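Fold and contact review
Take a look at the letters that make up each chain.
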Amino acid sequence: MKNKLIALAVTLLLGGSQVWAQAQQPATTAAPVASVKIGYTNMEYILQNMPEFKDIQNQLTIQRTQLEKNYGDMTKEFQDKLGAYEKGQAQMSDVIRADKEKELQGLQQRIQEFQANSSTQLQTKYNQLVNPVMQKIQTNIDAVAKESGFTFVFNLDAGSGTIPVLLYAPEENDVTNLVFKKMGVAIPSKQPAAQTTQQPTNTNAAKPAPKKN
């Protein structure tokens, strides 16, 4: 029995020595972590300085002007017919009065629908014109990032009325001029904070559809 206890003690002692020896060995060097290089730009600013941007603005202005003219014509038609109705309703029979009122209600509904559709048409036109240019910009940002070894490229502009995505970054990490060079676009002499391009809105939205008294 005594010999068994001595053997057990020796085993435990040897085992503890091995653990202690392992603990004293230097830790294995960790695998090197890949470096991360972060760049940033402002896609809205790039868009505003693209050769296509002026044409986009002109086309949107043309469509908006046409919609405003159509709205004005419909409104005038409504006001003229409303004036004629109010002037002659006392001499109208019940049947004619009902027909005139129905016609005015129909015109009013058409104007309201036109307002809603105008906003959709402008937004659709905006997307058709802007999306291909934004895709072109994105393609060149991707190319610049790969060529210059950027792991990530952030967009400073998060949209109108929002806080920028990137709050601080070194100036040398700005890839905007590299993107301009990649696309063959002249680099603007100065880079003021880009103003967010106005999304097309219904210019008649603030004008309520005329109402029949």
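The following refers to the structure shown. (Residues numbered from 1 in each chain as written. Predicted model: local features only at pLDDT ≥ 70, side-chain atom pairs only at ≥ 80, totals over all residues. Heavy atoms only, no water.)

1. So, the overall build of the protein chain
Along the protein chain, the regular secondary structure elements total 5 helices and 2 strands. Per-residue burial over the protein chain gives 27% buried out of 213 residues. Within the protein chain, counting contacts between residues at least 6 apart in sequence, those at least 24 apart form 85% of the total. Within the structure as shown, the protein chain displays about 14,700 Å² of accessible surface, and the carbon and sulfur contribution to it stands at 56%. (Helix = DSSP H or I, 4+ residues; strand = E, 2+ residues; numbered from the N terminus. Buried < 20%, exposed > 50% of the residue type's maximum accessible area, 1.4 Å probe, protein only. Contact = heavy atoms within 4.5 Å. Areas by Shrake-Rupley, 256 points an atom, 1.4 Å probe, with all protein chains shown as cover.)

2. Quick notes on the packing of helix H3 (residues 51-88) against helix H4 (residues 94-148)
Each pair of packed helices can be described by the angle between their axes along with the distance between the axes. In the contact formed by H3 and H4, the axes pass within 10 Å of each other and the chain directions differ by 175 degrees. Overall, the two elements H3 and H4 adopt an arrangement that is roughly antiparallel. The residue makeup of the contact of H3 with H4, split by class, is 17 nonpolar, 8 polar and 11 charged. (Axes fitted to C-alpha atoms, helices over the stretch in contact; angles between N-to-C directions. Parallel < 35°, antiparallel > 145°, perpendicular 65-115°, else oblique. Nonpolar A, V, L, I, M, F, W, Y, C, P; charged D, E, K, R; others polar.)

3. Focus: the side chain of Asn-140
Positionally, Asn-140 belongs in helix H4. Judged by relative accessible area, which is 12%, Asn-140 ranks as buried. At a separation of 2.8 Å, a polar atom in the side chain of Asn-140 contacts the main-chain carbonyl oxygen of Lys-136. Residues contacting Asn-140, with those up to four places away along its chain left out, are Val-179, Lys-182 and Met-183. (Polar contact = N/O pair within 3.5 Å; in protein donor to acceptor, adjacent residues only side chain to side chain.)

4. Examining the nonpolar core
Membership of the largest hydrophobic core comes to 22 residues, with the highest contact counts inside it found for Ile-46, Met-50, Ile-137, Val-179 and Met-183. At the level of elements, helix H2 (43-48), H3, H4 and helix H5 (176-183) are the ones that each hand at least two residues to this core. In terms of nonpolar packing, the next biggest core, distinct from the first, is built from 12 residues, Tyr-71, Leu-82, Leu-104 and Leu-107 among them. (Core = buried A, V, L, I, M, F, W, Y, C linked by side-chain atoms within 4.5 Å.)

5. Comments concerning H4
Helix length check: H4 (55 residues) gives 80 Å between terminal C-alpha atoms against 81 Å at 1.5 Å per residue, within 8%. If you look at H4, its biggest bend is around 30 degrees, right at Val-130, and the proline Pro-132 turns up within four residues after that. Just beyond H4, the residue with positive phi is Gly-149, at close to 75 degrees. (Expected span 1.5 Å × (residues − 1). Bend = angle between axes of the 7 residues up to and from the residue.)

6. A few points about the packing of aromatic side chains
Per the stated rule, a full pass over the model turns up 1 aromatic pair. When the centroid spacing of 6.1 Å and the interplanar angle of 70 degrees are considered together, the rings of Tyr-45 and Phe-180 count as edge-to-face. Placement of the pair is Tyr-45 in helix H2 and Phe-180 in helix H5, with a sequence separation of 135 residues. Among the residues examined, Tyr-45 registers a relative accessible area of 6% and is labelled buried. Judged by its relative accessible area of 0%, Phe-180 is buried. (Phe/Tyr/Trp six-rings, centres within 6.5 Å; stacked < 30°, edge-to-face > 60°.)

7. Looking at H5
Those residues of H5 lying buried are Thr-176, Val-179, Phe-180 and Met-183. All buried residues of H5 lie within an arc of 100 degrees about the axis, which places them on one face of the element. At its buried positions, H5 is contacted by strand S1 (38-41), H2 and H4. Among the residues trailing H5, Gly-184 stands out with phi positive, at a value near 75 degrees. (Arc of directions from axis to C-beta.)

8. Considering the side chain of Thr-176
By secondary structure assignment, the location of Thr-176 is in helix H5. The class for Thr-176 is buried, based on a relative accessible area of 2%. Side-chain polar atoms of Thr-176 contact the side chain of Thr-41, separated by 2.7 Å.

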